[in-house]
2 protein chains.
Amino acid sequence: MTRPVKSKNKEDILDLAIPLFAQSGYTGVSMRDIASAVGIKAASLYHHFPDKQTLYLQAMARAFEDKAQGFATALTVTGTPEKRLAGFVQIFTTLMCKDPEFRALLQRELLDGDEVRLKKIASEVFREPFVAMEALADELAPGCDAHMVAISIASLILYHLETAPIRRYLPGGKARHNKPEVISRHVTGLLLHGLKGCGK
Amino acid sequence: MTRPVKSKNKEDILDLAIPLFAQSGYTGVSMRDIASAVGIKAASLYHHFPDKQTLYLQAMARAFEDKAQGFATALTVTGTPEKRLAGFVQIFTTLMCKDPEFRALLQRELLDGDEVRLKKIASEVFREPFVAMEALADELAPGCDAHMVAISIASLILYHLETAPIRRYLPGGKARHNKPEVISRHVTGLLLHGLKGCGK
DNA sequence: AAAAGACTACCTAACGTTCGTTAGGTTACA
DNA sequence: TGTAACCTAACGAACGTTAGGTAGTCTTTT
């Protein structure tokens, strides 16, 4: 039995584990599943990680890390507040569209995540873009509740993507409703002008 | 034909299983867990249900049934389109606030639900209120994409609730942001007037 | 430069536990 | 007496995890 030429390291394993956890959740993925995806035996995973929970936490950390940086680019847009909002929404939507794994992991964390993990995600991934969104909200609608506005912006974008599986079966559901440019245009219009703004 | 007073029937078991499934998901709840909640042994569950999956599906069906009816009351509001929207948002928000179990189950279905179940939920639970929302959207913003508007309305309400666990750790998060009247006022303002409408 | 030792990354085999599920017996009420 | 509702006991499978072994690779010593 010849051994593989190149040994696996932690990062390789985590990168292969992330999509599994995203698709089936913590309890839905066994150590044997992960090992099989990596191409080794389950017992060998314990050479790299002390237990499953640690592996999972490190996979989550890896999946979420660098995400904050991605969001930062969505905040580089300059110009009028309206233009900056439109730019942010567009970039954020495109980013989220391209990363179903991230969305699934986030959803799972919102359902099952413990306080420690949620706190970590909040401060390390979302805090910076969230603050920028709040500042933008305060410019566009002074005196409003910036926190609620920021959540609303994220809601509009993310829920259109989250509900994709069921929207297919709801009246009026079309394939184009999943396209980032369609979503971002709708959301921008709605945010800037209310319901009257999303018809154009 | 008449059951002994002390005996459990299917409905009792399902009602006790629903919150367990809502909290921990299908794989996170064992037959022994359910039996323990009911006050019987796991083997006895097989007197009422052929297997775990059937029990789960019937629990889901029960959790979602009569929900459509609850939504119907949110559509009884009359008056100007603006007033009807405000009324619908308020009632729908209050309804969702009171039912974290339903929200959790819906979220889990969006993540893990197969096509058949999603189709069933779409047609039996959401179709009717969704059509009404679309009609309302068409009145308020003729020519708009009613499907997207309806999703946006639901997004705004549900995501404010879904993100409650993480909003605590995001800047500006306050306890009142989880109150139905605060959410519905914010959402109504945003929908009718855009960002400028949620400051007042 | 070669041998000896240590280390890394994997293996096979198995452990104890929990799981869904089944078989067959018991009890209480019609 | 029949049947519905429950029980105890146990099955096999899958799970996370551990023990102990092996084959290459790197490091040190002679």
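Reading the values: the criteria
Residues numbered from 1 in each chain as written. Chains lettered and ligands numbered in written order. Predicted model: local features only at pLDDT ≥ 70, side-chain atom pairs only at ≥ 80, totals over all residues. Heavy atoms only, no water. Helix = DSSP H or I, 4+ residues; strand = E, 2+ residues; numbered from the N terminus. Buried < 20%, exposed > 50% of the residue type's maximum accessible area, 1.4 Å probe, protein only. Contact = heavy atoms within 4.5 Å. Areas by Shrake-Rupley, 256 points an atom, 1.4 Å probe, with all protein chains shown as cover. Lys, Arg positive; Asp, Glu negative; His and termini not counted. Charge placed at Lys NZ, Arg CZ, Asp CG, Glu CD. Near = heavy atom within 4 Å. Polar contact = N/O pair within 3.5 Å; in protein donor to acceptor, adjacent residues only side chain to side chain. Nonpolar A, V, L, I, M, F, W, Y, C, P; charged D, E, K, R; others polar. Expected span 1.5 Å × (residues − 1). Least-squares fit on C-alpha atoms with pLDDT ≥ 70 in both. Buried area = accessible area lost by both parts, 1.4 Å probe. Salt bridge = Lys/Arg side-chain N within 4 Å of Asp/Glu carboxyl O. Core = buried A, V, L, I, M, F, W, Y, C linked by side-chain atoms within 4.5 Å.

Enquirer: Even after reading the chapter, I still don't get the overall build of chain A, so can you show me in this structure?
Expert: Across its full length, chain A carries 11 helices and 0 strands. The order of α-helices and β-strands along chain A, N terminus first, is α-α-α-α-α-α-α-α-α-α-α. Overall, chain A is about 65 × 35 × 30 Å in size when its C-alpha atoms are taken along their principal axes. Counting across all 200 residues of chain A, residues that qualify as buried make up 50%. The contacts of chain A with a sequence gap of at least 6 include a subset with a gap of at least 24, amounting to 61%. In the form shown here, chain A has an accessible surface area of approximately 9700 Å², with 53% of it arising from carbon and sulfur atoms. Across chain A, the centroid of the 26 positively charged side chains sits 8 Å from that of the 22 negatively charged ones.

Enquirer: Which parts of the structure should I look at to understand the protein's contact with DNA strand D?
Expert: Near DNA strand D you find 19 residues, and of these Met31(A), Lys52(A), Lys41(B), Ser44(B) and His48(B) are the closest. Between DNA strand D and Ser44(B), the relevant distance is 2.7 Å, taken from a phosphate oxygen to a side-chain nitrogen or oxygen of the residue. Measuring from a phosphate oxygen of DNA strand D, one finds a side-chain N or O atom of His47(B) at 3.0 Å. Contributions of two or more residues to the surface near DNA strand D are made by helix H2 (31-38) of chain A together with helix H3 (42-45) of chain B. Per-class residue counts for the surface near DNA strand D are 6 nonpolar, 5 polar and 8 charged.

Enquirer: What exactly am I supposed to notice about helix H7 (residues 100-112) of chain A here?
Expert: Think of an α-helix as turning once every 3.6 residues; residues three or four places apart then point the same way. Residues and elements named next belong to chain A. End to end, H7 covers 18 Å across 13 residues, agreeing with the expected 18 Å (1.5 Å per residue, within 8%). Counting buried residues along H7, 10 of its 13 residues qualify, which places the element largely inside the surrounding structure. Along H7, the positions that sit buried rather than exposed are Phe102, Arg103, Ala104, Leu105, Leu106, Gln107, Arg108, Glu109, Leu110 and Leu111.

Enquirer: Looking at this model, I keep getting lost on the relation of the copies chain B and chain A. Mind explaining?
Expert: Both copies of the chain are related by one operation, a rotation about an axis with a shift along it. Structural alignment of chain B on chain A gives an RMSD of 0.1 Å, achieved by rotating through 180° and translating 0.0 Å along the axis. Both copies are brought into coincidence by an operation consistent with a two-fold rotation axis. Ranked by how close their C-alpha atoms come to the rotation axis, the residues of chain B are headed by Gly194(B), at 1.8 Å.

Enquirer: When you look at the interface of chain B and chain A in this model, what are you seeing that I'm missing?
Expert: Accessible area lost when the parts come together is the quantity often used to give the size of an interface. Facing 61 residues of chain B, the contacting portion of chain A comprises 61 residues. For the pair chain B and chain A, the summed buried area comes to about 5600 Å², and 68% of that belongs to carbon and sulfur atoms. If you sort the residues of chain B by the area they bury against chain A, Tyr159(B), Tyr169(B) and Leu195(B) come out on top, with a joint share of 14%. For the pair chain B and chain A, the interface holds 6 salt bridges. We note a salt bridge from Asp145(A) to Arg176(B), for which the minimum N-O separation is 3.0 Å. Inspection of the chain B/chain A interface yields 23 residue pairs in polar contact (both at pLDDT 80 or more). Elements that contribute at least two residues to the side of chain B that touches chain A include exactly helix H6 (81-97), helix H7 (100-112), helix H8 (115-140), helix H9 (146-162), helix H10 (164-167) and helix H11 (180-193) of chain B. For the side of chain B that touches chain A, the residue count by class is 32 nonpolar, 16 polar and 13 charged.

Enquirer: How do you make sense of the nonpolar core when you look at a structure like this?
Expert: Burial of nonpolar side chains together is a common tendency in soluble globular proteins. Of all hydrophobic cores here, the largest spans 138 residues; its most connected members are Ile34(A) and Ile34(B). Look past the residues within four positions of Ile34(B) in its chain and what remains in contact with it is Ile13(B), Ala17(B), Leu20(B), Phe21(B), Val29(B), Leu45(B) and Leu55(B).

Enquirer: I keep staring at the protein's contact with DNA strand C and nothing clicks. Help me out?
Expert: The local shell around DNA strand C holds 18 residues, among which Lys41(A), Ser44(A), His48(A), Met31(B) and Lys52(B) are the closest. Among the atoms of DNA strand C close to the protein, meaning within 4 Å, 57% are from sugar or phosphate groups. The separation between a phosphate oxygen of DNA strand C and a polar side-chain atom of His48(A) is 2.8 Å. Met31(B) places a polar main-chain atom, nitrogen or oxygen, 2.7 Å from a phosphate oxygen of DNA strand C. Across the surface near DNA strand C, the residue classes tally to 6 nonpolar, 6 polar and 6 charged.

Enquirer: Is there a simple way to explain the side chain of Lys67(A) in this structure?
Expert: Residues and elements named next belong to chain A. Turning to its location among the elements, Lys67 is positioned in helix H5 (residues 67-73). Taking relative accessible area as the criterion, Lys67 reaches 16% and is therefore assigned buried. Leaving out residues up to four positions away in the same chain, Lys67 has contacts with Asp99, Phe102 and Val125.

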